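# Secondary and tertiary structure notes
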Amino acid sequence: MKVKVIPVLEDNYMYLVIEERTREAVAVDVAVPKRLLEIVGREGVSLTTVLTTHHHWDHARGNAELARLRPGLAVLGADERICALTRRLVHGEELRFGAIHARCLLTPGHTSGHMSYFLWEEECPDPPAVFSGDALSVAGCGLRLESTAQQMYESLTQILGTLPPETKVFCGHEHTLGNLEFAQKVEPGNDHVRAKLSWAKKRDEDDMPTVPSTLSEELLYNPFLRVAEEPVRKFTGKAAPAEVLEALCKERASFQRAAEPLQPQARALLALQWGLLGTPQQK
């Protein structure tokens, strides 16, 4: 199983997953279809399926054009709001792409219909991979927009957090530096955070991606997976795991606003993309 990491837009990632024996390929979160098709052509593979983690513009906007360019393409996801969706998936469903298995994991939090995809290949020594969209990122997670803190806690700790520790984590955005800076604020004495932050700064200087991480690494430095740890509980002033997570989300949002203040127009655009504002009515 070969994974091509494709940076697009300001900080998004698309992925192309290739079954190297059959040359079948699956795309994850198509935002820029022409860029994807360039790589499909270069790799000489047959693109059959799109897996979309959630309906937001920066993860699904390319589906319609790609489906037009590739008739018969399957566009799969868990949310009916996903553009050009051909079939709605359910939690626990398994898909096959040659020797590659894909298990669909419903991970609400960022959105109510967020699906993560856990992939592994038969008789292959390579570790499995999870394509986590905005449910889990390197050292962080997406904003909680549509689900409860309890649902998000269960998604992170009981679904994603229980995958094999060697699982590679391919997330939807390059937010690693900011996430680690916040993690250092939460746990200033965590040596794993300090080391990962130093590494991420070097990657940033070299203009290199920080994906993938591994789940075992995330459990060492990602505060959103460490809500039961005493330093994280102490930082939030909460004890119940879901309450710790909710407090972390609020602190992370405040930290981000202070670090990267957005102009009102940019806030409105993000709100529109995330579905928090309706589109103007036709007159």
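Above this text you will find the structure in question.
The shown structure was predicted, so the numbers you read here are calculated from the model rather than taken from an experiment. Once a new chain begins, its residue numbering starts again from 1 and follows that chain's sequence as written. Under the rules for a predicted model, residues below a pLDDT of 70 receive no local features and side-chain atom pairs below 80 are neither given nor counted, while totals for whole chains, interfaces and linings still include all residues. Note: side-chain values were computed over all heavy atoms of the structure, leaving out hydrogens and water.

What the six strands build is an open sheet, ordered β7-β8-β9-β10-β11-β12; its pairing is mixed. Strands with a single pairing partner mark the edges of an open sheet, and in this sheet they are β7 (94-97) and β12 (213-214). Pairs of strands are assigned from DSSP output, requiring at least two bridges between the strands. Numbering of helices and strands starts at the N terminus; helices are DSSP runs of H or I of at least 4 residues and strands are runs of E of at least 2. Two elements, strand β11 (residues 168-171) and β12, share two bridges in a ladder whose sense is antiparallel. Counterpart to Lys 168 in the pairing with β12 is Thr 214.

What follows deals with helix α6 (residues 191-205). Here α6 spans 21 Å end to end across 15 residues, near enough to the 21 Å set by a 1.5 Å rise per residue. Burial classification: accessible surface area is computed with a 1.4 Å probe over protein chains only, and a residue below 20% of its type maximum counts as buried, one above 50% as exposed, and the rest as partly exposed. For α6, every residue scored as buried is listed here: Val 193, Lys 196, Leu 197 and Ala 200. Projection of α6 onto a plane perpendicular to its axis shows the buried side chains occupying an angular sector of 105 degrees, all on one side. Away from its buried face, by an angle of more than 90 degrees, α6 presents the exposed residues Asp 191 and Glu 205. On its buried face, α6 is in contact with α5 (176-186) and α7 (215-221). An expected span of 1.5 Å times one less than the residue number is assigned to each helix. To be clear, the arc concerns the directions from the helix axis to the C-beta atoms. Here a residue-residue contact requires only that any non-hydrogen atoms of the pair lie within 4.5 Å.

Between rings of Phe, Tyr and Trp, where Trp is taken as its six-membered ring, a pair exists when centres lie within 6.5 Å; planes separated by under 30 degrees are stacked, by over 60 edge-to-face, and by other angles tilted. Inspection of the entire model under this criterion finds eight aromatic pairs. Ring plane angle 35 degrees and centroid distance 6.1 Å describe the contact between Tyr 13 and Tyr 15, whose orientation is recorded as tilted. Across this residue pair, the class does not change: Tyr 13 and Tyr 15 are buried. Site record: aromatic cluster; members linked through ring pairs are Tyr 13, Tyr 15, Phe 131 and Phe 170.

Our next topic: the pairing of strand β2 (residues 12-19). Most of β2 sits out of view: eight of its eight residues are buried. Side chains Asn 12, Met 14, Leu 16 and Ile 18 project from β2 onto one buried face, and the interleaved Tyr 13, Tyr 15, Val 17 and Glu 19 project onto a second face that is buried too. Pairing of strand β1 (residues 2-8) with β2, which is carried by seven bridges, proceeds in the antiparallel orientation. Bridge pairing links Lys 2 to Ile 18 in β2. Joining the antiparallel neighbours β1 and β2 is a turn of three residues, in which Leu 9 adopts a positive phi near 55 degrees. Sheet analysis places β2 next to strand β3 (residues 24-28), joined by five bridges and oriented antiparallel.

What follows covers helix α1 (residues 33-43). Of all the positions in α1, only Pro 33, Leu 36, Leu 37, Ile 39, Val 40 and Glu 43 are classed as buried. Within α1, the buried residues cover an arc of 160 degrees as seen down the axis, which keeps them to one side. Summarising the geometry of α1, the exposed residues directed more than 90 degrees from the buried face are Lys 34, Gly 41 and Arg 42. Its buried side turned inward, α1 meets β1, β2, β3, β4 (46-51) and α3 (63-69).

Judged by nonpolar contacts, the single largest core of 31 residues is most densely connected at Leu 95, Leu 119 and Phe 131. Discounting residues that sit within four places of it in the chain, Leu 95 has contacts with Leu 51, Leu 76, Arg 87, Leu 89, Ile 100, His 101, Ala 102 and Cys 104. In these notes, a set of buried Ala, Val, Leu, Ile, Met, Phe, Trp, Tyr and Cys residues joined through side-chain atoms within 4.5 Å is what counts as a nonpolar core. The next biggest cluster of nonpolar side chains, apart from the first, holds 25 residues, and it includes Phe 224, Leu 225, Ala 242 and Val 244.

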